[in-house]
Amino acid sequence: MPGPMKMRATLAQGVTEIRVLMTHPMETGQRKDPEGKLVPMHFIQNLTVKVNGKPVIEAQTSQAVSRNPVFSFRLKGGAKGDKIEVAWVDNKGESNSTEIAVA
């Protein structure tokens, strides 16, 4: 079950830097449980970053990303107070999102 996300967004020298920690198991489908059975794949598939409601990054990821991933993005421009939203959907249809204002 996915957990909370933590994010920060800062503006410096005309560049907005976004850093987000996503709580997610990111199972590869290759690990075995204590009984020796494979743990099913469970990973973030789609990731979207929006600035003031406008999509600026859309990405597809795979099970190769580590558990509780941290993603970092740098965008040209922006202004203090801009609303940044990061959202994801995993291969089981679960989703999560968070938003923050640029500091």
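Quick caveat: nothing in here was measured; it's all calculated off a predicted structure.

Chemist: So what exactly am I meant to see when it comes to the pattern of salt bridges here?
Modeler: Side chains that differ in charge, positive against negative, can pair when their charged atoms come close. Counted according to the given criterion, the structure contains two salt bridges. A salt bridge links Glu-99 to Lys-83; the nearest nitrogen and oxygen atoms lie 3.9 Å apart. One end of the pair, Glu-99, is in strand β7 (residues 95-101); the other, Lys-83, is in strand β6 (residues 83-90), with 16 residues separating them in the sequence. By relative accessible area, Glu-99 is classed as partly exposed at 48%. For Lys-83, a relative accessible area of 37% corresponds to the partly exposed category.

Chemist: Sorry if this is basic, but what is going on with the sheet that holds strand β5 (residues 70-76) here?
Modeler: Hydrogen bonds between backbone atoms are what pair the strands of a sheet, whose relative direction is either parallel or antiparallel. As summarised here, the arrangement of the three strands in space is β1-β2-β5, forming an open sheet in which the pairing is antiparallel. Among the strands making up the open sheet, the edge pair consists of β1 (5-12) and β5. For this sheet, the mean inter-axis angle between neighbouring strands, taken without regard to orientation, is 15°. The sheet contact formed by strand β2 (residues 15-22) and β5 spans seven bridges and is antiparallel. Bridge assignment links Ile-18 to a residue of β5, and that residue is Phe-73.

Chemist: Explain the pairing of strand β3 (residues 44-51) to me, please; I cannot follow it from the model alone.
Modeler: A regular strand places its side chains on the two faces of the sheet in alternate fashion. In the sheet, β3 pairs with β6 via seven bridges, with the strands oriented antiparallel. Bridged to Leu-47 within β6 is Trp-88. In the sheet, β3 pairs with strand β4 (residues 54-60) via six bridges, with the strands oriented antiparallel. Bridge assignment links Thr-48 to a residue of β4, and that residue is Glu-58. Turn length for the β3-β4 hairpin, with the two strands adjacent in sequence and antiparallel, is two residues, and the turn residue Asn-52 shows positive phi of about 50°.

Cut-offs and rules
- Residues numbered from 1 in each chain as written.
- Predicted model: local features only at pLDDT ≥ 70, side-chain atom pairs only at ≥ 80, totals over all residues.
- Heavy atoms only, no water.
- Salt bridge = Lys/Arg side-chain N within 4 Å of Asp/Glu carboxyl O.
- Helix = DSSP H or I, 4+ residues; strand = E, 2+ residues; numbered from the N terminus.
- Buried < 20%, exposed > 50% of the residue type's maximum accessible area, 1.4 Å probe, protein only.
- Pairing = 2+ DSSP bridges.
- Axes fitted to C-alpha atoms, helices over the stretch in contact; angles between N-to-C directions.

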